[in-house]
Amino acid sequence: MSASACFHCALPVDRDDEFQVEIDGSLKPVCCPGCKAVAELIRDTGMSSYYAMREAPQPGVGRPAEDSTEWQVFDRDDMADAFAETIDEEAEATIYVGGMYCAACSWLIESTLTSLPGTASADVNPVTHRVRIRWNRDDIGLGKILATLAGLGYEPQPLAPESAARPEIAEQRTALKRLLVASLGMMQAMMFAVGLYAGDYQGMDPDMQHFLRLVSFFVTTPVVFYSARPFFAAAWRGVAARRPGMDLPVSLAVGAAYIASVYATFTRGEAVWFDSVTMFVFFLTLGRFLEMRARHRSIDRSRALATVLPNTATRIEGGTNVVVPLSQLVAGDRVSVKAGDAIPADGYLVTRAASVDEALLTGEARPQTKSPGDILIAGSINLDSMIEMQVDKTGPDTTLGTINRLSERARYARPAFVQLADRIASYIVVAILLIAIAVAAFWFFTSPDRAFVITLSVLVVTCPCALALATPAAFAAAGSRLADLRLLLTNGNAIEALSRATHVVFDKTGTLTRGMPVVVATSIVDPSFDEANCLHIAAALELASSHPVASAFSQRESNIVASDQHIAIGEGVAATIDGRRWRLGRCSFAAPGALPETSNSGAAQVFLGVDGQLVAIFDLEDEIRTDAFEVLQQRRGLGLNIALASGDNEAAVARVATALAIDDYRSRCSPEDKLELIHSMQEDGDTVIMVGDGINDAPVLAGADASVALADGALLAQTSADLIMLGHSLRPLVTAFRTSRQTMRIVRQNLVWAVVYNATALPLAAMGMVPPWAAAIGMSASSLIVVLNALRLSRFE
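Residues numbered from 1 in each chain as written. Predicted model: local features only at pLDDT ≥ 70, side-chain atom pairs only at ≥ 80, totals over all residues. Heavy atoms only, no water.

Looking at the overall build of the protein
1) Next: The number of helices and strands found in the protein is 27 helices and 31 strands.
2) Next: Residue burial in the protein is summarised as follows: out of 797 residues, 49% are buried.
3) Next: Long-range pairs, those at least 24 residues apart, make up 66% of the contacts in the protein between residues at least 6 apart in sequence.
4) Next: Carbon and sulfur atoms make up 55% of the accessible area of the protein, which totals about 36,800 Å². (Helix = DSSP H or I, 4+ residues; strand = E, 2+ residues; numbered from the N terminus. Buried < 20%, exposed > 50% of the residue type's maximum accessible area, 1.4 Å probe, protein only. Contact = heavy atoms within 4.5 Å. Areas by Shrake-Rupley, 256 points an atom, 1.4 Å probe, with all protein chains shown as cover.)

This is the structure we're talking about:
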């Protein structure tokens, strides 16, 4: 039973405990010596006001770690070099602080750290829970800083310099600042414009009119020179490269309207267009910002994967555990991983069986059981007690690094459809400029006083922003959505190809099947042995083998001890059990001279023999994926023709084809045969998608219009597919086809809207029926409609 809550961390305080601390003249109950020490530290350093400033803590938040010696390792020079940037003995590092929950925490952390000897500064960002700290390495170490934070009850985690710096965050912040300036400027300019427009109808004192124009000038100037700066810079780059883009008419319109308005303001001319300028810049900036956020979602996904890796690893050196930065791990190192910690690198399990959580990487919610020798993927979580592993790949060579590298490649690749839209937009820009010149010339000779206003409206209303954003915004949103479904898009052109697919050709092994043989039947030849006994003996024999067939028996627990094991390449495995020589493998190896009946089902057969006599025959089949039939049925519902091409024997392929209701199947196909099949379909005018394992079928994948691979982590780097499926389910593949079709549907909608809008607005503007402010609203609304329509893909199911 508890009588009260801890004054420091809010956990219950047992009645039998007598821990108390005096704060501001009164005794406060605390739950443990750690909380008592932290509270006394806060009191003795004159920071008792922290308790008055803070919000109500969550129970347990703020309770100090029980062991602070773990931070001492960060005082080493190699650890400081890994997490801090040092210039002239002054180091600077970024620390993530878990458990920070209110402004009082920020104040406490800053006050405590800056009071440490040798600390130059400590800046806390309560939004990101990060501390940027500078200190003199001769006076204090990083470990002391981390131990101080841990002693306050927080959970510090030093971030490597590349983890702390995120270019996309800087881009987003700058864009947000420009959008904020544009929005404030637009609101103020519109407010003054209301007065100016009212004065045009009801009359206004000239001095008051001049004052409102001057105020509008001061409000609009930051919008033009700060918020609109990216438009001017991009326009100049396009002109310098002789490839004008959509920013050129935007810049001409903004610049011309601003200059004309400034001239009219100081010469007391007839009209100003400050409201149109600010509105135009605001809506354009808003559209660009939304499009940028769609692009950044895929980066956020990669960053989320990267953050699951620990910053340090515990390397075993001569029987001693040594904490080292992750960057110092190399292939061959032996590493220990505590329960609940992330696997630091790709490698192999060395000690006993364990369970790991690979949900973030594969989407598989169930824990995966790993046996000694099994592959461990960096970023997966160890769910059992401490394990040991041998490092195989580190850093960018890991599965996680490969995923990020492929994602990065996809982000920078511009699909052919997008490139075509860019080229069309470039021609349209030139056409718009020519039309604007023609309109200006016509009105100059017809009605000179209206020539500038009408030309300005033409430039604004016909800006091809919607056309230029129609395709990239949709492709960016589609790529982010596919990434959420653990579909790694490595080639942007795949979306367009998937959308018009007519045929899907599947490989069998590892695609429609799991690629893991299972025992489906056991035939006992020697009646002195039963089925269970034979399976246990086979499991004991296969412990020394890494052949794929061994996985069919390794899942069974066996207490039988085999010795003097020998692996005969291409034949089988032999070992001694209870003084008798057992063999498992081909019939000629296990029991020479025996003539067993062959299987008619297409199942592979493995033979068990002892002292040259046949004991049992195991029929092995590759298990069909549980969701394969349902996925193929859904695929047929999309109007796709399904074919199966496999290098396996006729009986095995027929068994899978029958089970999955595939009428068009081919067996004993070499990669050349599969490629010829795809080419023959393409010659008939079909768009062919190949789904395979991504490794053995590399030429076939390259020959298809688009390719999809189900790639397990260890083989991910070898895949050559356009779309990689992470995980063990085929269901996301159906979503990929639906998403691609929806993407192209939205692209067509956007393009049609952009063309119809420009075709309608241009004649009206050229006839002088659209004032500049209406042109700004129309063009901006058109761009926003295109971007918002594309963003619907982010929620597409």
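Points about a negative patch on the surface
1) Next: A cluster of acidic residues, Asp88, Glu89, Asp138 and Asp139, forms a negative patch on the protein surface.
2) Next: Topologically, Glu89 is positioned in the loop between strand E5 (85–87) and strand E6 (90–98).
3) Next: Residue Glu89 is classed as partly exposed on the basis of its relative accessible area of 40%. (Patch = residues over 30% accessible without salt bridge, like charges linked within 9 Å, V, L, I, M, F, W, Y side chains within 5 Å. Salt bridge = Lys/Arg side-chain N within 4 Å of Asp/Glu carboxyl O. Lys, Arg positive; Asp, Glu negative; His and termini not counted. Charge placed at Lys NZ, Arg CZ, Asp CG, Glu CD.)

Let's talk about the packing of aromatic side chains
Remark: the centre distance and the inter-plane angle together describe each pair of aromatic rings, the angle taken between the planes.
1) Next: Counting across every chain of the model gives twelve aromatic pairs.
2) Next: Ring centres of Tyr258 and Phe274 lie 6.4 Å apart, and the angle between their planes is 65°; this geometry places the pair in the edge-to-face category. One end of the pair, Tyr258, is in helix H10 (residues 247–267); the other, Phe274, is in helix H11 (residues 274–306), with 16 residues separating them in the sequence. Like Tyr258, the residue Phe274 is buried in the burial classification.
3) Next: Here the aromatic cluster, defined as three or more aromatic residues joined through ring pairs, consists of Phe217, Phe218, Phe225, Tyr258, Phe266 and Phe274.
4) Next: Across from the ring centre of Tyr226, 4.7 Å away, lies the NZ or CZ of Arg178, which sits over that ring.
5) Next: Across from the ring centre of Phe589, 4.7 Å away, lies the NZ or CZ of Arg583, which sits over that ring. (Phe/Tyr/Trp six-rings, centres within 6.5 Å; stacked < 30°, edge-to-face > 60°. Lys NZ or Arg CZ within 6 Å of the ring centre and 35° of its normal.)

Quick word on the sheet that holds strand E12 (residues 334–337)
1) Next: If you trace the six strands from one edge of the open sheet to the other, you get E11-E10-E12-E18-E13-E16, paired in antiparallel fashion. The two strands at the open ends of the sheet, each matched to only one other strand, are strand E11 (320–325) and strand E16 (375–376).
2) Next: Relative to E11, strand E10 (residues 312–317) runs antiparallel, the two being bridged by six bridges. Bridging across to E11, Glu317 finds its partner in Thr320. (Pairing = 2+ DSSP bridges.)

Here's the deal with the nonpolar core
1) Next: By size, the foremost hydrophobic cluster in this structure holds 54 residues, and its most contacted members are Val250 and Phe280.
2) Next: The element best represented in this core is H11, accounting for nine residues.
3) Next: Residues contacting Phe280, with those up to four places away along its chain left out, are Val250, Ala253, Val254, Val460, Ala776, Met779 and Ser780.
4) Next: With 46 residues, the next largest nonpolar core counts Leu482, Leu487, Ile495 and Ala790 among its residues. (Core = buried A, V, L, I, M, F, W, Y, C linked by side-chain atoms within 4.5 Å.)

What to know about the pairing of E12
1) Next: Both E10 and E12 contribute to a ladder of two bridges, which runs antiparallel. By the bridge assignment, Arg315 is partnered in E12 with Val335.
2) Next: By the bridge criterion, four bridges tie E12 to strand E18 (residues 387–393) in an arrangement that is antiparallel. Residue pairing for E18: Ser336 is matched across the bridge by Glu388.

Quick notes on the side chain of Thr739
1) Next: Along the chain, the position of Thr739 falls in helix H26 (residues 731–766).
2) Next: In this structure Thr739 comes out as buried when scored by relative accessible area, which is 1%.
3) Next: The residues touching Thr739, leaving out its near neighbours within four places in the chain, are Ala478, Leu482, Leu793 and Phe796.

Brief notes about empty space enclosed by the protein
1) Next: Tallying each qualifying case throughout the model produces three cavities of 30 Å³ or more.
2) Next: Within this model, the largest cavity holds a volume of roughly 50 Å³.
3) Next: Lining the largest cavity, in full, are Ala253, Val254, Ala257, Ser276, Val277, Phe280, Leu456, Val460, Pro772 and Ala776.
4) Next: Counting only elements with at least two residues in the lining of the largest cavity, the list comes to H10, H11, helix H15 (448–461) and helix H27 (772–791).
5) Next: Of the residues in the lining of the largest cavity, the class split is nine nonpolar, one polar and no charged. (1 Å grid on protein atoms, 1.4 Å probe; cavity = no way out; pocket = protein on both sides within 12 Å on 5 of 7 lines; lining within 4 Å. Points joined across faces, edges and corners; volume = space filled by probe spheres on them. Nonpolar A, V, L, I, M, F, W, Y, C, P; charged D, E, K, R; others polar.)

Details of the environment of Ser457
1) Next: With respect to the secondary-structure elements, Ser457 resides in helix H15.
2) Next: Through-space distance from the C-alpha of Ser457 to that of Pro772 is 4.7 Å; in sequence the pair is 315 residues apart.

Overview of the packing of helix H9 (residues 229–240) against H10
Packed helix pairs are characterised by how far apart their axes lie and by the angle those axes make with each other.
1) Next: Between H9 and H10, the shortest axis-to-axis distance is 8 Å and the interhelical angle comes to 125°. Between H9 and H10, the crossing angle belongs to the class labelled oblique. Considering only the axes of H9 and H10, their crossing is left-handed. The residues of H10 that touch H9, namely those facing Phe231, Phe232, Ala234, Ala235 and Val239, are Asp247, Leu248, Val250, Ser251, Val254 and Gly255. (Axes fitted to C-alpha atoms, helices over the stretch in contact; angles between N-to-C directions. Parallel < 35°, antiparallel > 145°, perpendicular 65-115°, else oblique. Left-handed = near helix turned anticlockwise from the far one by under 90°.)

Re unusual backbone geometry
1) Next: Notably, Asp564 is not glycine yet its phi reads approximately 50°, a positive angle.
2) Next: Inspection of the secondary structure puts Asp564 in strand E22 (residues 563–568).

Quick word on the pattern of salt bridges
1) Next: By the definition in use, this model includes 14 salt bridges.
2) Next: Residues Glu92 and Arg132 are paired through a salt bridge, measuring 2.9 Å at the closest nitrogen-oxygen approach. On the criterion of sequence distance, the pair formed by Glu92 in strand E6 and Arg132 in strand E8 (residues 130–136) is long-range, its members being 40 residues apart.
3) Next: Under the relative-accessibility criterion, Glu92 is labelled partly exposed at 27%.
4) Next: A salt bridge links Arg581 to Asp564, with the shortest nitrogen-to-oxygen separation between them at 3.3 Å. Linking Arg581 in strand E24 (residues 580–585) with Asp564 in strand E22, this pair joins segments that are 17 residues apart in sequence.

Description of the sheet that holds strand E26 (residues 613–624)
1) Next: The six strands are arranged E21-E26-E25-E24-E23-E22 in an open sheet whose pairing can be described as antiparallel. Strands with a single pairing partner mark the edges of an open sheet, and in this sheet they are strand E21 (513–524) and E22. Taking the axes of each pair of neighbouring strands and ignoring which way they run, one obtains an average angle of 20° across the sheet.
2) Next: Sheet topology note: the strand E23 (residues 572–577)/E24 ladder contains six bridges and is antiparallel. Each residue of the ladder has a partner; that of Ala574, found in E24, is Arg583.
3) Next: Lying over the sheet, helix H23 (residues 650–659) contacts E21 and E26, oriented at roughly 40° with respect to E26.

Focus on helix H5 (residues 142–151)
Every α-helical turn comprises 3.6 residues, leaving residues that sit three or four positions apart pointing alike.
1) Next: Counting buried positions along H5 gives seven out of ten residues, so the element sits mostly inside the fold.
2) Next: Every buried residue belonging to H5 is among Leu142, Gly143, Ile145, Leu146, Thr148, Leu149 and Ala150, and all of these are buried.
3) Next: Trailing H5 by a residue or two, Gly153 shows a phi angle of about 100°, which is positive.

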